[in-house]
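The primary structure of each chain is shown beneath.
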Amino acid sequence: MKPPFALTFTAQAHDIDVMGHVNNAVWVQWMEAMATAHWEAVAPPEHQAKYAWVVTRHEIDYRGNIREGESVIGETFIPEGPSGARFVRRVDFRNAAGKILVSARTTWAMIEIASQRLMRVPPDVAAPFWSEAG
């Protein structure tokens with residue numbers, strides 16, 4: 001397993017729901033932003049030009065929240081190798097004290113852009129994100 005990729009998110013006024021904290025849909029948007037940024041930071045340009053990812057499933061545990069102006073650190077990593085066209089991604093959002101507020105297990109499927117079809121994740125695409133050697 002490779003080390004987590006991290007980004008910081010700060011709640012803005014438009015992220016806040018009627019309860020006064022970040023809306024659940026915003027957490028999902030932040031998960032997508034994390035996955036996209038991780039792909040763009042790690043995958044070589046030729047892979048980014050050839051492949052795209054689509055979500056097939058989100059499993060999310062909400063354990064806490066933040067209010068406008070507060071920040072979280074999002075960490076994402078790939079805990080296991082791909083299964084066919086799919087990769088499982090973990091995402092954890094921690095507050096300033098390090099407490100996990102939102103934790104997710106998301107499944108993404110790889111699409112070949114030219115054909116718009118699912119395809120098995122090749123080892124060279126998986127390697128920068130996950131490897132048995134670590």
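Everything in this summary refers to the structure shown in the same document. (Residues numbered from 1 in each chain as written. Predicted model: local features only at pLDDT ≥ 70, side-chain atom pairs only at ≥ 80, totals over all residues. Heavy atoms only, no water.)

## Comments concerning the side chain of T106
In step 1: With respect to the helices and strands, T106 occurs in strand 5 (residues 100–112).
In step 2: In this structure the side chain of T106 is engaged in a polar contact, spanning 2.8 Å, whose partner is the side chain of W108.
In step 3: Non-local contacts of T106, meaning those with residues more than four positions away in its chain, are made with M31, R57, H58, F87, V88 and R89. (Helix = DSSP H or I, 4+ residues; strand = E, 2+ residues; numbered from the N terminus. Polar contact = N/O pair within 3.5 Å; in protein donor to acceptor, adjacent residues only side chain to side chain. Contact = heavy atoms within 4.5 Å.)

## Re the nonpolar core
Across soluble globular proteins, you tend to see nonpolar side chains buried next to one another.
In step 1: Core analysis: the biggest nonpolar cluster contains 15 residues, and F9, V22, W27, W30, I66, V72 and F93 have the highest contact counts within it.
In step 2: Listed by contribution, the elements that provide at least two residues to this core are helix 1 (24–42), strand 4 (86–94) and strand 5.
In step 3: Here this core gets five residues from one element, more than from any other, and that element is helix 1.
In step 4: Residues contacting V72, with those up to four places away along its chain left out, are L7, T8, F9, W27, W30, I66, F93, R94, N95 and L101. (Core = buried A, V, L, I, M, F, W, Y, C linked by side-chain atoms within 4.5 Å. Buried < 20%, exposed > 50% of the residue type's maximum accessible area, 1.4 Å probe, protein only.)

## Quick notes on the pairing of strand 4
In step 1: Direction of pairing for strand 3 (residues 71–77) relative to strand 4: antiparallel, over a ladder of five bridges. Within the sheet, the bridge partner assigned to G74 lies in strand 4 and is F93.
In step 2: Relative to strand 5, strand 4 is paired through nine bridges, and the arrangement is antiparallel. Across the sheet, residue R90 finds its bridge partner in strand 5, namely R105.
In step 3: The hairpin formed by strand 4 and strand 5 contains five residues between the paired strands, and G98 there has a positive phi angle of roughly 90 degrees. (Pairing = 2+ DSSP bridges.)

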